[in-house]
Amino acid sequence: ERRAFLAGLAAAATLAGCGFRPALGPGGPAAALEGAVSFDPPANRDAYALSARLEARLGRARSPRYHLSTAPSVRRSGLAITQDEETTRYNLIGTARFTLTEHATGAVVATGEVNTFTAYSARGTTLAASTAERDARARLMVLLADRIVARLQLGLLLPGQTAPDAPSSEPG
């Protein structure tokens, strides 16, 4: 127990000596986005869910320094088909393109595209299937928003680069 504590203390001292500071901590590079980003007005339910999650993660813009434009899209694909050719499960594949611009200059700070997917069951009543799809679409927008935020925060750590590609194989 004591050795683990001492090893952790030594690691912390080493990181502090090299100028390490947490990206998401107070005063870290990612904090530059908190409360500083305005968003496009949502055009549909998916865009609203995406914007709501982005605002939850980045905070409501008090005096926006940046503007984030997003373009979410969703494709539905049959996943489980019975012998009677009835689809009982669907995959929703989501993509969101984004552009972060600086309000004052209009300069593009970051651009990118994120992808992920989720699924839902279409069994049961029409109402149950419709509700399941609506819930899955909302989950998909949360996943896409979280990926956008992660890419923007990483972009702030690596200034002068477009947001890097991220793996898209995580299930929703």
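The structure reproduced in this document is the subject of the present report. (Residues numbered from 1 in each chain as written. Predicted model: local features only at pLDDT ≥ 70, side-chain atom pairs only at ≥ 80, totals over all residues. Heavy atoms only, no water.)

1. Comments concerning the packing of aromatic side chains
Thought 1: What the rule picks out here adds up to 1 aromatic pair.
Thought 2: Note on Tyr90 and Tyr120: the rings are 5.5 Å apart at their centroids and 20° apart in plane angle, and the pair reads as stacked. Linking Tyr90 in strand E3 (residues 87–102) with Tyr120 in strand E4 (residues 108–121), this pair joins segments that are 30 residues apart in sequence.
Thought 3: Here Tyr120 falls in the buried class, since its relative accessible area comes to 4%.
Thought 4: Of note, Arg76 hangs over the ring of Tyr90, and the distance from its end group to the ring centre comes to 4.1 Å. (Phe/Tyr/Trp six-rings, centres within 6.5 Å; stacked < 30°, edge-to-face > 60°. Helix = DSSP H or I, 4+ residues; strand = E, 2+ residues; numbered from the N terminus. Buried < 20%, exposed > 50% of the residue type's maximum accessible area, 1.4 Å probe, protein only. Lys NZ or Arg CZ within 6 Å of the ring centre and 35° of its normal.)

2. What about the sheet that holds strand E2 (residues 66–81)?
Thought 1: The sheet built from 4 strands is open, its strands ordered E1-E2-E3-E4 with mixed pairing. Because the sheet does not close on itself, it has two edges, and the strands there are strand E1 (37–39) and E4. Across the sheet, the mean angle from the axis of one strand to that of its neighbour is 25°, orientation sign disregarded.
Thought 2: Of the strand pairs in this sheet, E1 and E2 are connected by 3 bridges, and their pairing is parallel. Following the sheet pairing, Val37 is matched in E2 by Tyr66. (Pairing = 2+ DSSP bridges. Axes fitted to C-alpha atoms, helices over the stretch in contact; angles between N-to-C directions.)

3. Focus: the nonpolar core
Thought 1: One finds Val37, Leu54, Leu68, Leu100, Ile148 and Leu152 to be the most contacted residues of the largest nonpolar core, which totals 27 residues.
Thought 2: Here the element with the most residues in this core is helix H3 (residues 126–157); it accounts for 9 residues.
Thought 3: Not counting residues within four places of it along the chain, the set of residues in contact with Leu68 comprises Val37, Ser38, Phe39, Asp40, Leu54, Phe98, Thr99, Leu100, Ile148 and Leu152. (Core = buried A, V, L, I, M, F, W, Y, C linked by side-chain atoms within 4.5 Å. Contact = heavy atoms within 4.5 Å.)

4. Focus: the environment of Asp135
Thought 1: The topology assignment puts Asp135 in helix H3.
Thought 2: Taking relative accessible area as the criterion, Asp135 reaches 42% and is therefore assigned partly exposed.
Thought 3: Here the alpha-carbon distance between Asp135 and Ala119, two residues 16 residues apart in the chain, equals 9.9 Å.

5. Some details on unusual backbone geometry
Thought 1: The backbone phi angle of Glu85 is positive, close to 60°, even though this residue is not glycine.
Thought 2: Along the polypeptide, Glu85 turns up in the loop between E2 and E3.
Thought 3: Taking relative accessible area as the criterion, Glu85 reaches 69% and is therefore assigned exposed.

6. Quick look at the pattern of salt bridges
When charged atoms on two side chains of opposite charge get close, those side chains can pair.
Thought 1: A complete count under the given rule lists 8 salt bridges for this structure.
Thought 2: A salt bridge links Arg57 to Asp146; the nearest nitrogen and oxygen atoms lie 2.9 Å apart. Here the residue Arg57 occupies a position in helix H2 (residues 45–58), and Asp146 occupies one in helix H3, the gap between them amounting to 89 residues.
Thought 3: According to the relative accessible area criterion, Asp146 is partly exposed, its value standing at 22%.
Thought 4: As a salt-bridge pair, Arg139 and Asp135 come within 2.5 Å of each other at their nearest N and O atoms. Of this pair, Arg139 and Asp135 both sit in helix H3, 4 residues apart, which is roughly one turn of that helix.
Thought 5: Relative accessible area serves as the criterion here: at 29%, Arg139 is assigned to the partly exposed category.
Thought 6: Salt bridges sharing common partners tie together Asp46, Arg76, Glu133 and Arg137. (Salt bridge = Lys/Arg side-chain N within 4 Å of Asp/Glu carboxyl O.)

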